[in-house]
Amino acid sequence: MATRPYSPSHIASVAGGYTDLRISGDVKGQLVEILVEHLNHLVPMLERGTLDADPERKTLDDPDRTRLNYNRTRELAIERLGDLESVGSAAVCRLIDDLESHLKSVIARAEERAAKERVGTIKSRHLDGALESLNPPANE
């Protein structure tokens, strides 16, 4: 049994985040076809890359990028919930994107500090300085 494609209303909801214009019903259906066609290209490409990187692997991966672990991020988020009981997939993806952006920013600032000292290793002092520059002290 073949998996059903995305629903046009769901695709329209996601695509609506990228435009202020309305999306016609015909375009919604076309967007589903476009995404499924693109998926037909992406999955075999990722599958080849995954197996090239690890021939014993059984799970599709992104061979070009190391991501924060989905399940670990989800569990950490659940531990921090106050009024809700669970964390949806979209929230986990958002958390991962935000955490990785923050990590990138912290590392970039630490790298700048290490480069100023002309050293090839980011050390604790560089990280501390990077964090201080991200969170300047409040005026007292």
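Structure first, text after, so check above.
This is a predicted model, so every value here is computed, not measured.

> Just checking my understanding: could you explain the environment of Arg57 for this structure?
Assignment of secondary structure puts Arg57 in the loop between helix 2 (25-53) and helix 3 (70-79). A residue is classified by how much of its surface remains accessible, and Arg57, at 33% relative accessible area, is partly exposed. Sequence separation between Arg57 and Glu47 is ten residues; the distance between their C-alpha atoms is 10.0 Å. Here Thr59 takes part through its backbone oxygen, which lies 2.9 Å from a polar atom of the side chain of Arg57.

> Explain the environment of Arg67 to me, please; I cannot follow it from the model alone.
Along the chain, the position of Arg67 falls in the loop between helix 2 and helix 3. Considered as a pair, Arg67 and Ala114 are 47 residues apart in the sequence and their alpha carbons are 25 Å apart. Setting aside residues no more than four positions away along its own chain, Arg67 makes contact with Ile96, Asp97 and Glu100. Looking at Arg67, its side chain comes within polar contact range of the side chain of Asp97, at 2.8 Å. Within the local environment of Arg67, its side chain forms a polar contact with the side chain of Glu100, the two groups lying 2.8 Å apart.

> I'm lost on helix 2 in this one. Help?
Side chains that are three or four residues apart share a direction in an α-helix, a result of its 3.6 residues per turn. Counted at 1.5 Å a residue, the expected span for helix 2 with its 29 residues is 42 Å, and the 42 Å between its end C-alpha atoms agrees. Those residues of helix 2 that sit buried are Val32, Gly49 and Thr50. Packed against the buried residues of helix 2 are helix 1 (8-15).

Reading guide: rules and limits
- Residues numbered from 1 in each chain as written.
- Predicted model: local features only at pLDDT ≥ 70, side-chain atom pairs only at ≥ 80, totals over all residues.
- Heavy atoms only, no water.
- Helix = DSSP H or I, 4+ residues; strand = E, 2+ residues; numbered from the N terminus.
- Buried < 20%, exposed > 50% of the residue type's maximum accessible area, 1.4 Å probe, protein only.
- Polar contact = N/O pair within 3.5 Å; in protein donor to acceptor, adjacent residues only side chain to side chain.
- Contact = heavy atoms within 4.5 Å.
- Expected span 1.5 Å × (residues − 1).

In short, the description is geometric, and any link to function would need to be established separately.
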